[in-house]
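Residue-level structural notes
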Amino acid sequence: MPDISTMTTLFIVLALSCGLASSIKIDVTSIYSDNVIQDSINIKCVVEKDKNCEKSSYTIQLTKGDDTKIASIQGQNGIDYGRLHESNTRAEGHIDEEDSSRSYLSVTIDHVVKEDSGVYTCSLFYLDNSGNMKVEKASENVTIGNQHSEDLIRYLFAKVTSLESLVASQNEIMENQIAEIKNLQEEQGKTVSSQFDLLETMEAFRNQAVKDSIDTALSRIDWLEEKEKEQIQDMQDTLDKAYEEFQNAQDKLAGLFNNTQDIPETSPIAFRARYSDYNLVPEEVLRFTTVDMNLGEAYNPEDGIFTAPRAGLYVFHITIMTRWKYATLAVRLTSEKDLLLNVHASGYNSPDQSSGGSVVYLEEGEKVWPYITAPNNPVMFSSTLSNFCGYLLHPMDAY
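Residues numbered from 1 in each chain as written. Predicted model: local features only at pLDDT ≥ 70, side-chain atom pairs only at ≥ 80, totals over all residues. Heavy atoms only, no water.

Further remarks concern the overall build of the chain. For the chain, the count of helices and strands is 2 helices and 20 strands. Looking at the chain residue by residue over its 399 residues, the buried ones come to 38%. With the model as given, the accessible surface of the chain reaches about 23100 Å², and the carbon-plus-sulfur share is 50%. (Helix = DSSP H or I, 4+ residues; strand = E, 2+ residues; numbered from the N terminus. Buried < 20%, exposed > 50% of the residue type's maximum accessible area, 1.4 Å probe, protein only. Areas by Shrake-Rupley, 256 points an atom, 1.4 Å probe, with all protein chains shown as cover.)

Below, the structure is given as structure tokens:
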């Protein structure tokens, strides 16, 4: 016969209070019966008398795992079940304030399965001699694995085989007795006949009892097999869900990788150029010939024209400063499609400076340049006082 106690590991947690040892003990036993085949465990919390201290206001509680309450008993309030209470769980107990050794809490779990494994803890709450609340605990780790179910099935099959053998033996005995009664009946007539009827009735009752026991055992075997199938299906569902989540993660990674293929090149495009002395001619491109920076080589200082190497948003800025008194200069910054800005400087009593900036979308190959629109003795200061700059703000295929 299988024994759950052989598959459990006992460990006790002591909470020192009045005495040197815990006053609460835990006892776990398995329950099997030849008459009613069942598969249960009984967990009993027993209070042992502590001569070193008086205890009062007892509460005994049984929990599982992370202090999840199964049942408790306090004073004369009876059993209080926790949230783990199910139809296969029943409890009883007693609190004796006069004699603590007669206090206990007993919980029985019928039809145990693998999920009933875990650490069960008996806790004793009480007031000590000084009126302080104390707690003592004792725990036991109960393991109910697949081996237990297999042992029980083997036991039930052996029981069925034994019952079948018993039926065959009883049938043989009955047949011999019936043959003897028939012989007596022929000799003694009706008196023996009534005894024969009684014996047949007894045989019928006995056969029915044996049949009921066999049916109970077979029903229990079917229940265990169905439970195993449910556990296997739950595991399969968990694996399927994990695989689905893995596939979704792979799809997201693939999507992220594909999106990176659409990110435009980010090589910088920027320039800054200054005006150097040369003769300014009306209605011609204003060339800034001293180049300080030209990333991407998009600006041509020879003709003063910027050519967009790729489509995107660009920023341009221009500053001019007249050099002589009464000098006037107007410059227009334009592209092949749009007028971007106008700057105008007029130096009457002193030099005058003007600047402006603009943001524009350019197609690849589109050009931008400044040119002189209103000259009157057009002379500009050179160096950084008159300059032209621009850069790619953000690449984009369409606007």
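Further notes follow.
Once that is clear, we can look at the nonpolar core. If you look at the biggest cluster of nonpolar residues, it comprises 28 residues, and the most contacted ones within it are Phe-288, Phe-306, Tyr-314, Phe-316, Leu-362 and Phe-388. Of all the secondary-structure elements, those providing two or more residues to this core are β11 (270–275), β15 (312–321), β16 (327–335), β17 (339–347), β18 (353–362), β19 (367–372) and β20 (383–395). Setting aside residues up to four positions removed in sequence, Phe-388 forms contacts with Phe-271, Arg-272, Ala-273, Phe-288, Tyr-299, Phe-316, His-317, Ile-318, Leu-333 and Pro-370. Core analysis: the next-biggest nonpolar cluster, separate from the first, contains 26 residues, Ile-24, Val-47, Tyr-58 and Ile-60 among them. (Core = buried A, V, L, I, M, F, W, Y, C linked by side-chain atoms within 4.5 Å. Contact = heavy atoms within 4.5 Å.)

So, on to the environment of Phe-271. Position of Phe-271 among the secondary structure elements: in strand β11. The spatial distance from the C-alpha of Phe-271 to the C-alpha of Cys-389 is 5.5 Å, given a sequence separation of 118 residues. Sequence-distant contacts of Phe-271, that is, excluding residues within four places in its chain, are made with Met-293, Asn-294, Tyr-299, Phe-306, Phe-316, Phe-388, Cys-389 and Gly-390.

Bringing the packing of aromatic side chains into the picture now. As enumerated under the stated definition, the model contains 10 aromatic pairs in all. Pairing Phe-271 with Phe-306 gives two aromatic rings, centres 5.3 Å apart and planes at 25°, and the pair type is stacked. Of this pair, Phe-271 sits in strand β11 while Phe-306 sits in strand β14 (residues 305–307), and the two are 35 residues apart along the sequence. On the accessibility criterion, Phe-271 (2% relative accessible area) is buried. Overall, the relative accessible area of 1% leaves Phe-306 in the buried class. Aromatic side chains Phe-271 and Phe-316 sit 6.5 Å apart centroid to centroid with 50° between the ring planes, which places their arrangement in the tilted category. (Phe/Tyr/Trp six-rings, centres within 6.5 Å; stacked < 30°, edge-to-face > 60°.)

On the surface, Glu-115, Asp-222, Glu-225, Glu-226, Glu-230, Asp-234, Asp-237, Asp-240, Glu-244 and Glu-245 cluster together into a negatively charged patch. Within the element layout of this structure, Asp-240 appears in helix α2 (residues 190–260). (Patch = residues over 30% accessible without salt bridge, like charges linked within 9 Å, V, L, I, M, F, W, Y side chains within 5 Å. Salt bridge = Lys/Arg side-chain N within 4 Å of Asp/Glu carboxyl O. Lys, Arg positive; Asp, Glu negative; His and termini not counted. Charge placed at Lys NZ, Arg CZ, Asp CG, Glu CD.)

This part covers unusual backbone geometry. For Glu-297, which is not a glycine, the phi torsion comes out positive at approximately 55°. Mapped onto the fold, Glu-297 is located in the loop between β12 (290–295) and β13 (299–300).

Scanning the entire structure with this criterion turns up 5 salt bridges. Notably, a salt bridge pairs Asp-292 with Arg-272, separated by 3.6 Å at the nearest N-O pair. Of this pair, Asp-292 sits in strand β12 while Arg-272 sits in strand β11, and the two are 20 residues apart along the sequence. In this structure Asp-292 comes out as partly exposed when scored by relative accessible area, which is 35%. Three or more residues are tied together by salt bridges with common partners; here these are Arg-272, Arg-274 and Asp-292.

A separate point is the pairing of strand β10 (residues 133–142). As judged from the 10 bridges shared by strand β9 (residues 118–127) and β10, these two strands associate in the antiparallel manner. Of the residues in β10, the one forming a bridge with Tyr-126 is Lys-134. A loop of 5 residues connects β9 with β10, the two strands running antiparallel in sequence, and Gly-131 in this loop sits at a positive phi of about 80°. (Pairing = 2+ DSSP bridges.)

Bringing a nonpolar patch on the surface into the picture now. On the surface, Val-359, Tyr-391 and Leu-393 cluster together to form a nonpolar patch covering roughly 280 Å² of accessible area. Topologically, Val-359 is positioned in strand β18. The exposed category is assigned to Val-359, whose relative accessible area is 53%.

Attention shifts here to the confidence of the model for the chain. Overall, the predicted model of the chain reaches an average pLDDT of 78, with 77% of residues at or above 70. Of the regions scoring below 50 in pLDDT, residues 1–17 engages in 44 contacts with residues more than four places distant in sequence or in other chains. Low pLDDT, under 50, characterises residues 33–37; the predicted model gives this stretch 7 contacts beyond four residues in sequence or across chains. (pLDDT = per-residue confidence, 0-100.)

Take the side chain of Thr-59 next. Counting through the fold element by element, Thr-59 comes out in strand β4 (residues 56–64). Once residues lying within four places of it in the same chain are set aside, the contact partners of Thr-59 are Ile-73, Gln-74, Ser-123, Leu-124 and Phe-125.

Take the environment of Thr-319 next. Within the element layout of this structure, Thr-319 appears in strand β15. In this structure, the C-alpha to C-alpha distance between Thr-319 and Phe-388, residues 69 residues apart in sequence, is 6.5 Å.

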